[in-house]
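# Analysis of the macromolecular model
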Amino acid sequence: METTEKNLTTGFFTTYFSKPLSYFIFILWALITVFPLFWMGMSSFKTNEELNISKFSLPYALFHNKEDVFVSVKPQLNITYPKGLLDKYGLKSSNIEKIEENIIILESTTIAPGRRFKVHFMERSVLKDLGADDIASMEPGDTIKLKELPAKYARNFSWNTIFWNYSSSWKRGGLGLKFLNSLLYTIVSTFFIVFLGLMLGYGISKFRYKKISAIILSIIGLGYLLDVSQIIIPLFLLLTKANLADTHIGIILVYIAFGLPLSVMLSSGFIKGLPDSLIESAYIDGATAFRTFQSIIVPMTIPVIVTICVMTGLGIWNEFLLVLVLASSEATKSLPVGIFSFASRQGTQLGWQIASLVIATLPVILVYLGFQKQLSEGVAGGAIKG
């Protein structure tokens, strides 16, 4: 009788509480994961002033820009001109009088006024061709509303205002080159970490030199205990002496060195579980060690390859300290360092910084969405095999 009542109680709990509780936990976890991404995307369309006033309010100033007022300002050396604009007239940024004769510079009076951050450019000759002679004759100090501009400029200024954080962070932070550097570091380092890790794992697990393999695995395991922050100073001195500091090759070699221990440990454990008969049959057929590795080991270790790629690739893409110390020139800095550059003692451009964070996060999300099935199968396969 007691057993029956206990089974009824368990069945009642399973039917009415278990599923709702599971759904609640999953929904809560999804919200905790998605909300920071949503907030980051929303905040990337807010001005610095809006972010300082309220971190959670909806973006307003950049979208509602039809009534924005612009003031004509004199050319200055701290103004960043669009690429090719000055070359069109054969001018340099120091030719202030000539620039003023050909170009009208408008600064927003609502977004970062007086700082020469939010500026637009209009060519006097183009304005005259559009029949806007009164606007073409604007002098420094004159004001005009966005809706009063010719349609060509009004539309361009409006879209430029909406995506101002993104365009400013990309141009002023030099994120294009830093994005390519991060891509280079991640792809090249991850490839060699996987390739060399699998080869070492294969040799340690399947070759006959058991004692030597155990010693090598122990030494590599010690490397897994080391962190970049623990040896960053001697590492910098070593690379400087070898003329590899502030070079792409030097940074990639360090990434490979720090990524190999995890790769070797995961791959050796996975390969050890593969049947020896497969390798022996390949040797009988006349295959060399490398041929066996290429034709048998690599195809059968796809799950662990995916696992290593995900863990290593994300780590290198988001890595900050190593490049901050080893890379001194703009040509070798990565995206995280570029994002950090928007913070200074004088102030932090939050809008630009958040927009650059979106730029850095977007490739990771796109890779996950594009290869979600392969990543899930790879990670699950590696976990099951292990």
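Refer to the preceding data block for the structure.
This text gives an overview of the structure that appears in the document. (Residues numbered from 1 in each chain as written. Predicted model: local features only at pLDDT ≥ 70, side-chain atom pairs only at ≥ 80, totals over all residues. Heavy atoms only, no water.)

### So, the packing of aromatic side chains
One pair of aromatic rings is described through two measures. These are the centre distance and the angle between the planes. Scanning the model with the defined rule gives 18 aromatic pairs in all. Centre to centre, the rings of Tyr81 and Phe121 are 5.4 Å apart; their planes meet at 40°, and the pair counts as tilted. Linking Tyr81 in the loop between strand S1 (69-73) and helix H3 (85-88) with Phe121 in strand S3 (residues 119-123), this pair joins segments that are 40 residues apart in sequence. The burial state of Tyr81 is the same as that of Phe121; both residues are buried. Measuring from ring centre to ring centre gives 6.5 Å for Trp170 and Phe179, while their planes differ by 50°; the resulting arrangement is tilted. We classify Trp170 as partly exposed; its relative accessible area is 38%. Ring pairs connect the aromatic residues Phe191, Phe192, Phe195, Tyr202, Phe207, Phe290 and Phe293, which therefore count as one cluster. When the ring centre of Tyr153 is taken as origin, the NZ or CZ atom of Lys152, which lies over that ring, is 5.7 Å away. (Phe/Tyr/Trp six-rings, centres within 6.5 Å; stacked < 30°, edge-to-face > 60°. Helix = DSSP H or I, 4+ residues; strand = E, 2+ residues; numbered from the N terminus. Buried < 20%, exposed > 50% of the residue type's maximum accessible area, 1.4 Å probe, protein only. Lys NZ or Arg CZ within 6 Å of the ring centre and 35° of its normal.)

### Description of the pattern of salt bridges
If you walk through the whole model with that rule in mind, you get eight salt bridges. Lys145 is the salt-bridge partner of Glu67, the closest N and O atoms lying 3.4 Å from each other. Residue Glu67 is located in the loop between helix H2 (48-53) and S1, and its partner Lys145 is located in strand S4 (residues 143-145); the two are separated by 78 residues in the primary sequence. In this structure Glu67 comes out as partly exposed when scored by relative accessible area, which is 45%. (Salt bridge = Lys/Arg side-chain N within 4 Å of Asp/Glu carboxyl O.)

### Considerations on the side chain of Ser189
Residue placement: Ser189 occurs in helix H9 (residues 175-206). Taking the relative accessible area as the measure of exposure, Ser189 reaches 0% and is therefore buried. Only 2.7 Å separates the side chain of Ser189 from the backbone oxygen of Tyr185, close enough to count as a polar contact. What Ser189 contacts, discounting residues up to four positions off in sequence, is Leu184, Ile252, Tyr255, Ile256 and Ile316. (Polar contact = N/O pair within 3.5 Å; in protein donor to acceptor, adjacent residues only side chain to side chain. Contact = heavy atoms within 4.5 Å.)

### Here's the deal with the pairing of strand S2 (residues 103-108)
Successive side chains on a regular strand alternate, one facing one side of the sheet and the next facing the other. For S2, a buried count of six out of six residues is recorded, marking the element as mostly surrounded by other parts of the structure. Because side chains alternate across S2, one face comprises the buried residues Ile103, Ile105 and Glu107, and the other comprises Ile104, Leu106 and Ser108, equally buried. The pairing of S1 with S2 spans four bridges and is classified as antiparallel. Within S2, the position partnered with Val71 by the bridge is Glu107. Of the strand pairs in this sheet, S2 and S3 are connected by five bridges, and their pairing is antiparallel. Bridge pairing in S3 places Ile104 opposite Met122. (Pairing = 2+ DSSP bridges.)

### A short note on the side chain of Asn65
For Asn65, the position within the fold is in the loop between H2 and S1. A polar atom in the side chain of Asn65 sits 3.1 Å from the side chain of Ser158. Apart from residues no more than four positions distant in its own chain, Asn65 is found in contact with Leu146, Ser158, Thr161 and Ile162.

### A look at the packing of helix H12 (residues 248-272) against helix H15 (residues 302-318)
Running from N to C, H12 and H15 point in directions that differ by 160°, and their axes come no closer than 10 Å. The orientation of H12 relative to H15 falls into the category roughly antiparallel. Here H12 and H15 pass one another in a crossing that is right-handed. Two secondary-structure elements touch here, H12 through Tyr255, Leu262, Ser263, Leu266, Ser267 and Phe270 and H15 through Pro303, Val304, Thr307, Ile308, Met311 and Ile316. When its residues are assigned to classes, the contact of H12 with H15 shows nine nonpolar, three polar and no charged. (Axes fitted to C-alpha atoms, helices over the stretch in contact; angles between N-to-C directions. Parallel < 35°, antiparallel > 145°, perpendicular 65-115°, else oblique. Left-handed = near helix turned anticlockwise from the far one by under 90°. Nonpolar A, V, L, I, M, F, W, Y, C, P; charged D, E, K, R; others polar.)

### With respect to the pairing of S3
When you tally the buried positions in S3, you get five out of five residues, the bulk of the element. Of the two faces of S3, the one holding Val119, Phe121 and Glu123 and the one holding His120 and Met122 are both buried throughout.

### Examining H12
Since the α-helix packs 3.6 residues into each turn, any two residues three or four apart lie on the same face. Here H12 spans 35 Å end to end across 25 residues, near enough to the 36 Å set by a 1.5 Å rise per residue. At Gly259, H12 is deflected by roughly 35°, the largest bend along its length, and proline Pro261 occurs up to four residues later in sequence. (Expected span 1.5 Å × (residues − 1). Bend = angle between axes of the 7 residues up to and from the residue.)

### Regarding the sheet that holds S2
As summarised here, the arrangement of the four strands in space is S3-S2-S1-S4, forming an open sheet in which the pairing is antiparallel. Two strands in the sheet have a free side with no partner beyond their single neighbour: S3 and S4. Going across the sheet, the axis of each strand differs from the next one's by a mean of 35°, ignoring polarity. As defined by bridge partners, S1 adjoins S4 across three bridges and the pair is classed as antiparallel. When the bridges of S4 are listed, Phe70 appears paired with Ile144.

### Some points on the environment of Val188
By the secondary structure assignment, Val188 is in helix H9. Val188 sits in the partly exposed class, given a relative accessible area of 25%. Residues Val188 and Glu50 lie 138 residues apart in sequence; the distance between their C-alpha atoms is 40 Å.

### Looking at a nonpolar patch on the surface
A cluster of nonpolar residues, Ile233, Phe236, Leu237, Leu321, Leu324, Val325 and Phe340, forms a patch on the protein surface that exposes about 610 Å² of accessible area. Looking at the nonpolar patch, the elements with two or more residues in it are helix H11 (232-241) and helix H16 (321-326). Mapping Phe340 onto the fold places it in helix H17 (residues 335-340). A relative accessible area of 45% means that Phe340 is categorised as partly exposed. (Patch = residues over 30% accessible without salt bridge, like charges linked within 9 Å, V, L, I, M, F, W, Y side chains within 5 Å. Areas by Shrake-Rupley, 256 points an atom, 1.4 Å probe, with all protein chains shown as cover.)

### A closer look at the packing of H9 against helix H10 (residues 210-225)
At a minimum axis separation of 8 Å, H9 and H10 run at an interaxial angle of 140°. Taken together, the axes of H9 and H10 lie oblique to each other. In this structure, H9 meets H10 at a crossing whose hand is left-handed. Contacts between H9 and H10 pair Leu200, Gly203, Ile204 and Ser205 from the former with Lys210, Ser213, Ile216, Leu217 and Ile220 from the latter. Grouping the amino acids of the contact of H9 with H10 by side-chain chemistry returns five nonpolar, three polar and one charged.

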